[in-house]
Amino acid sequence: LEHFRADGGVIVTASHNPAQWNGFKFFMGCGAPPASTSMASWSRRGENTVLDQAQTARLLSLVTDGAPPGSGAPRFEDAHDEAVEAHVQRVLTQVDVDAVRARGFRVALDAGRGAGHDAARLLLDRLGCEVFDVQAARDSEPLPENLGDLIEAVRRAACHVGFAQDLDADRLALVDEQGVPAGEEFTLVLAVDHVLSQRATGMQGSGAAWRGDTRAAVVVKNLSTTRAVDAVVARHGAEIVETRVGEVNLSRALARACEQDRFAFGGEGNGGVIWPAVSFGRDSLVGMALVLECLSGAASTLSERLRALPRFHERKTKVPSPGRGALSQVFERVEEAFPRGRVDHVDGVRVCYDDGSWVGVRPSNTEPILRLVTESPRSEWADTAMQTLTRAVRS
């Protein structure tokens with residue numbers, strides 16, 4: 001929005017969902033700096049969290065009905081190439097381009113034939129990477145079970161890393177040099193660890209905001225994101241802030257931290273990384289640049305870097321929603337099934353334990369389903385808890 005001096009922007013996307021879930025994601029700029037830019041979203045299937053109802057209603061009417069009477073016809077122009085160039089340049093200013101180029105990375109790229117391919121390819125070219133395109137027709141979510149073609153490409157071309165985007169390019173999943181998927185949660189864990197490590201050592205590669213120490217840094221994540229992020233943040237002495245699930249909630253918390261003149265970084269465990277120095281939305285290009293900078297600085301492999309991170313075992317599933325009227329009963333059943341934990345209702349219901357284990361149930365923001373999550377340092381606990389949680393919800 002800054003580049004085009006625009007009052008607002010609209011993204012038409014179904015994100016990780018099938019096409020029938022297409023909707024609009026609104027960015028409100030009004031010429032303001034990024035820290036005060038707000039974001040809202042609206043879907044054909046229902047309304048999501050909104051910051052400003054009046055602004056959203058006006059933009060929605062423009063998109064669906066055209067310009068209001070007396071305002072003249074709206075002006076449209078194709079600015080795709082200019083927008084891609086501007087965004088890639090903004091990402092490149094935040095990393096040590098020379099250090100990345102010196103490594104000569106071999107990268108397999110699977111954009112899922114989605115909207116992010118051109119921008120990702122331009123970024124990787126500018127970073128001196130040899131890129132192997134994977135033209136996979138797959139489900140949008142970059143989950144391990146959907147990345148067979150990428151895994152094969154990494155192994156066949158002896159790549160240092162494989163990158164997988166979802167179709168609107170706000171999420172990034174990693175495949176290591178051995179062709180092993182890292183799991184979507186660990187994109188953010190690796191990025192947070194790298195950014196805070198750079199800040200602690202005073203290195204200037206990742207952006208211009210490096211001043212003070214990590215105790216002045218704020219990392220924002222949602223309540224459903226892996227506790228491995230918490231462990232990394234604690235290791236560096238930074239502050240962790242948790243929000244409800246939803247990109248807009250993360251953006252608002254990051255904006256508040258920036259307004260307090262604190263270094264802020266964050267994202268979601270679905271592979272979405274947010275760096276306010278670039279934008280207040282999830283951005284797979286930011287994730288790619290940080291991962292490559294991380295690997296160039298340490299001169300290590302991705303599998304080695306991942307093994308050095310805290311490891312939690314997470315299980316996820318989803319079940320049809322019983323409807324809003326029955327949610328309180330569902331939450332009661334969950335609390336009964338896990339009686340000795342700490343309960344909160346910030347986003348659905350979550351029950352936490354002292355060793356870092358937790359279970360959670362929340363209604364999806366985009367589909368008529370309930371999302372179930374369990375996580376623990378112990379794999380067997382996560383498995384058993386998911387069985388217990390599923391029985392409680394379905395009962």
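Here the structure is a predicted model, which means the values were calculated and not measured.

Peer 1: I tried to follow the overall build of the chain on my own but got confused; where do I start?
Peer 2: From N to C terminus, the chain includes twelve helices and 17 strands. A buried classification covers 53% of the 395 residues belonging to the chain. By sequence separation, contacts in the chain at least 24 residues apart represent 60% of the contacts at least 6 residues apart. On the chain, roughly 17,600 Å² of surface is accessible, and the fraction owed to carbon and sulfur atoms is 50%.

Peer 1: Just checking my understanding: could you explain the nonpolar core for this structure?
Peer 2: Nonpolar side chains tend to gather and get buried jointly when the protein is soluble and globular. Grouped together as the largest cluster of nonpolar side chains are 54 residues, with contacts concentrated most on L124, F163, F265, L290 and L292. At nine residues, helix 9 (residues 284–298) tops the list of elements feeding residues into this core. Judged by nonpolar contacts, the second largest core, of 18 residues, contains V361, L372, W381 and A385.

Peer 1: Is there a simple way to think about the sheet that holds strand 6 (residues 130–133) in this case?
Peer 2: Backbone-to-backbone hydrogen bonds pair the strands of a sheet. The strands run either parallel or antiparallel. Read across the sheet, four strands follow the order 6-5-7-8 without closing on themselves; strand pairing throughout is mixed. Lying at the two open borders of the sheet, with one neighbouring strand each, are strand 6 and strand 8 (172–175). Taking each pair of neighbouring strands and ignoring which way they run, the sheet shows an average axis angle of 25°. Of the pairings in the sheet, the one linking strand 5 (residues 106–110) to strand 6 comprises four bridges and is parallel in character. In the sheet register, R106 faces strand 6, and the bridge partner there is E130.

Peer 1: Got a minute to help me understand empty space enclosed by the protein in this structure?
Peer 2: The probe, sized like a water molecule, is rolled over the atoms to show the empty space still left. Applying the stated criterion across every chain yields a total of two cavities of 30 Å³ or more. By volume, the largest cavity amounts to about 100 Å³. Around the largest cavity, the lining comprises 13 residues; the ones closest to its centre are S224, D347, G360, V361 and R362. Those elements that place two or more of their residues in the lining of the largest cavity are strand 15 (349–352), strand 16 (358–363) and strand 17 (369–376). For the lining of the largest cavity, the element with the most residues is strand 16, which contributes four residues. Here the lining of the largest cavity is built from residues that sort into six nonpolar, two polar and five charged. Each pocket or cavity is described by its volume, and for the second largest cavity that value is around 30 Å³. The wall of the second largest cavity is formed by V91, Q94, V95, W275, V278, V286, A289 and L290.

Peer 1: Teacher, can you tell me more about the packing of helix 11 (residues 327–337) against helix 12 (residues 379–394) here?
Peer 2: Direction vectors running N to C along helix 11 and helix 12 enclose 145°, while the axes themselves pass 8 Å from each other. Seen along the crossing, helix 11 lies across helix 12 with a hand that is right-handed. Residues V330, R333, V334 and A337 of helix 11 form the contact with helix 12, whose own contacting residues are T388, L389, A392 and V393. Classifying every residue of the contact of helix 11 with helix 12 by side-chain character gives six nonpolar, one polar and one charged.

Peer 1: Which parts of the structure should I look at to understand the pattern of salt bridges?
Peer 2: It is possible for side chains bearing opposite charge to pair when their charged atoms get close. This model, assessed by the stated rule, comprises 25 salt bridges. The residue R156 makes a salt bridge to E152 at a minimum N-O spacing of 3.3 Å. With R156 and E152 both in helix 5 (residues 148–156) and four residues apart, the pair spans about one turn of that helix. Of the charged contacts in the structure, one is a salt bridge between R350 and E242, with a shortest N-O distance of 3.4 Å. One end of the pair, R350, is in strand 15; the other, E242, is in strand 10 (residues 239–243), with 108 residues separating them in the sequence. Note on R350: relative accessible area 9%, which makes it buried. Ionic contacts of the salt-bridge type, sharing partners, join the residues E141, R171, E184, E185, E314 and K316 into one network.

Peer 1: Sorry, what's going on with the pairing of strand 10 here?
Peer 2: Within a regular beta strand, the side chains point alternately toward one face of the sheet and then the other, so they alternate between its two faces. Pairing analysis gives five bridges linking strand 9 (residues 217–222) to strand 10, with the strands arranged parallel. Looking across to strand 10, one finds that V218 is bridged to E239.

Peer 1: Where do I start with the packing of helix 2 (residues 80–92) against helix 4 (residues 117–126) in this structure?
Peer 2: The geometry of a pair of packed helices is captured by two quantities: the angle between their axes and the separation between those axes. Across the interface, helix 2 lies against helix 4 with an axial gap of 10 Å and an inter-helix angle of 45°. Considering their axes alone, helix 2 and helix 4 lie oblique with respect to each other. As for the relative orientation of helix 2 and helix 4, their crossing is right-handed in sense. Every residue of helix 4 that contacts helix 2 at H80, V84, E85, V88, Q89, V91 and L92 is listed here: D118, A119, L122, L123 and R126. The class makeup of the residues in the contact of helix 2 with helix 4 is seven nonpolar, two polar and three charged.

Cut-offs applied
- Residues numbered from 1 in each chain as written.
- Predicted model: local features only at pLDDT ≥ 70, side-chain atom pairs only at ≥ 80, totals over all residues.
- Heavy atoms only, no water.
- Helix = DSSP H or I, 4+ residues; strand = E, 2+ residues; numbered from the N terminus.
- Buried < 20%, exposed > 50% of the residue type's maximum accessible area, 1.4 Å probe, protein only.
- Contact = heavy atoms within 4.5 Å.
- Areas by Shrake-Rupley, 256 points an atom, 1.4 Å probe, with all protein chains shown as cover.
- Core = buried A, V, L, I, M, F, W, Y, C linked by side-chain atoms within 4.5 Å.
- Pairing = 2+ DSSP bridges.
- Axes fitted to C-alpha atoms, helices over the stretch in contact; angles between N-to-C directions.
- 1 Å grid on protein atoms, 1.4 Å probe; cavity = no way out; pocket = protein on both sides within 12 Å on 5 of 7 lines; lining within 4 Å.
- Points joined across faces, edges and corners; volume = space filled by probe spheres on them.
- Nonpolar A, V, L, I, M, F, W, Y, C, P; charged D, E, K, R; others polar.
- Left-handed = near helix turned anticlockwise from the far one by under 90°.
- Salt bridge = Lys/Arg side-chain N within 4 Å of Asp/Glu carboxyl O.
- Parallel < 35°, antiparallel > 145°, perpendicular 65-115°, else oblique.

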